[in-house]
Amino acid sequence: MRAVHDIPGGGPVLSVAVPVFNEEEVLPVLAARLRPVLDGCGEAYEVLAVDDGSTDRTPLLLEELRTVWPQLRVVTLRRNSGHQAALTAGLRRARGAYVVSIDADLQDPPEAIPEMLALARAEGLDIVYGVRSDRSTDSVFKRRTAGAYYRLMRRLAGAHVPAQAGDFRLLSRAVVDALKSLPDQQQIYRLLIPWLGFPSGQVAYQRAERAAGTSKYPLHKMVLLAFDSVTGFSALPLRLATAIGALSSLVCLGFLVWAVTVYATGSPLPGWSSLIITMLFFGAVQLFCLGMLGEYVARIHTAVQARPTYVVARDTAEEDRR
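Residues numbered from 1 in each chain as written. Predicted model: local features only at pLDDT ≥ 70, side-chain atom pairs only at ≥ 80, totals over all residues. Heavy atoms only, no water.

A. Spotlight on the overall build of the chain. On a plain count of helices and strands, the chain comes out with 11 helices and 8 strands. Per-residue burial for the chain yields a buried fraction of 44% across its 322 residues. Excluding contacts between residues fewer than 6 apart, the proportion of contacts in the chain whose partners are at least 24 apart in sequence is 83%. When the accessible surface of the chain is summed, it comes to about 16,600 Å², and 61% of that surface belongs to carbon and sulfur atoms. (Helix = DSSP H or I, 4+ residues; strand = E, 2+ residues; numbered from the N terminus. Buried < 20%, exposed > 50% of the residue type's maximum accessible area, 1.4 Å probe, protein only. Contact = heavy atoms within 4.5 Å. Areas by Shrake-Rupley, 256 points an atom, 1.4 Å probe, with all protein chains shown as cover.)

This is the structure we're talking about:
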């Protein structure tokens, strides 16, 4: 499959999807850097700011920016649905022949967008990943945990998952349409997009510090993302639970043989300590396996319910067409 070069329905050549949640401090800086870059591309474009249920002045600032930035389009979600859901809303509503996703914190440079677009066109690519070649601005803990995450994902989902590639990427219309054809469920795009198998390339950049505000991805959200990535793209945890269960059965059989031998020889049985330790061990193993099985059952339950991951309250593009 080759990259799309035609403008669908006379729409913009380039769409930029930006999930935002309580980003009142960084929005002015984002507009000041992103708009000159896009204006300088010489292509028709739109910027979709997906407001993920912000509770600060973010909605007001977006309205103010719209008055001076005609290409800015605001999509408002009814409640906070999460970063990946907001990104899904942006991808599904984007109209461009190419769609770029980028976070509002400016750790990923907007200045790389023209290079990504040029590479996609020159080599007929459907995906261009922004790859972090230098993460020295991140803490040591974050760099090491990120490295461990990508190594694990490459083992589980395959070597086609690019290392150090987050949600800063360019997609062709063919890729966006393929994503839209999938069921409306919580998606992990870092793994899903490489899995599609479209021709891809990379643009390297140095990751910067957050331009303003505070991170919206604390440790517990990063842990949940890693857990969702594992359970969403691999049955390995279930196989691991099966292996642990089989190993526990062998250990239990060994205890049984030992107990029978002790009884047959007339030797006194040990005290309660060993018995309690054994019971606790097997109880913990059973609970672990049940919990892992429960995670997959919960995913099946969510899929059967078929509830949307987000609900759009407002899209300024629809208002402009009236």
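B. The side chain of Ser 54, seen in detail. The residue Ser 54 is located in the loop between strand S2 (45-51) and helix H2 (58-68) in this model. A distance of 2.9 Å separates the side chain of Ser 54 from the backbone nitrogen of Asn 22, its partner in a polar contact. Within the structure, Ser 54 has its side chain in polar contact with the side chain of Asp 51 (distance 2.6 Å). Not counting residues within four places of it along the chain, the set of residues in contact with Ser 54 comprises Val 20, Phe 21, Asn 22 and Pro 59. (Polar contact = N/O pair within 3.5 Å; in protein donor to acceptor, adjacent residues only side chain to side chain.)

C. Spatial organisation of H2. For H2, every residue scored as buried is listed here: Thr 58, Leu 61, Leu 62 and Leu 65. One face of H2 carries all of its buried residues, which in axial projection span an arc of 100 degrees. The exposed residues of H2 that point more than 90 degrees off its buried face are Leu 60 and Thr 67. Check the buried side of H2 and you find it contacts strand S1 (14-20), helix H1 (27-40), S2 and strand S3 (72-77). (Arc of directions from axis to C-beta.)

D. Structural view of the packing of aromatic side chains. Taken as a whole and assessed by the stated rule, the structure comprises 1 aromatic pair. Between Phe 168 and Tyr 205, the aromatic rings sit 5.6 Å apart at their centres with planes inclined by 80 degrees, giving edge-to-face as the arrangement. Pair noted here: Phe 168 is in strand S6 (residues 165-172) and Tyr 205 is in strand S7 (residues 200-206), with a separation of 37 residues, a long-range link. Across the pair, exposure class does not vary: Phe 168 and Tyr 205 are buried alike. (Phe/Tyr/Trp six-rings, centres within 6.5 Å; stacked < 30°, edge-to-face > 60°.)

E. View of the packing of H1 against H2. At a closest axis distance of 10 Å, the pairing of H1 and H2 adopts a crossing angle of 30 degrees. Considering their axes alone, H1 and H2 lie roughly parallel with respect to each other. When you trace H1 past H2, the crossing you get is right-handed. Between H1 and H2, the residues in contact are Leu 27, Ala 31 and Arg 35 and Thr 58, Leu 61, Leu 62, Leu 65 and Val 68, respectively. (Axes fitted to C-alpha atoms, helices over the stretch in contact; angles between N-to-C directions. Parallel < 35°, antiparallel > 145°, perpendicular 65-115°, else oblique. Left-handed = near helix turned anticlockwise from the far one by under 90°.)

F. Spotlight on a nonpolar patch on the surface. On the surface, Leu 247, Leu 250, Val 251 and Phe 281 cluster together into a nonpolar patch covering about 390 Å² of accessible area. No other element matches helix H9 (residues 236-265), which puts 3 residues into the nonpolar patch. Structurally, the position occupied by Leu 250 is in helix H9. (Patch = residues over 30% accessible without salt bridge, like charges linked within 9 Å, V, L, I, M, F, W, Y side chains within 5 Å. Salt bridge = Lys/Arg side-chain N within 4 Å of Asp/Glu carboxyl O.)

All we've got here are geometric facts, nothing functional implied.
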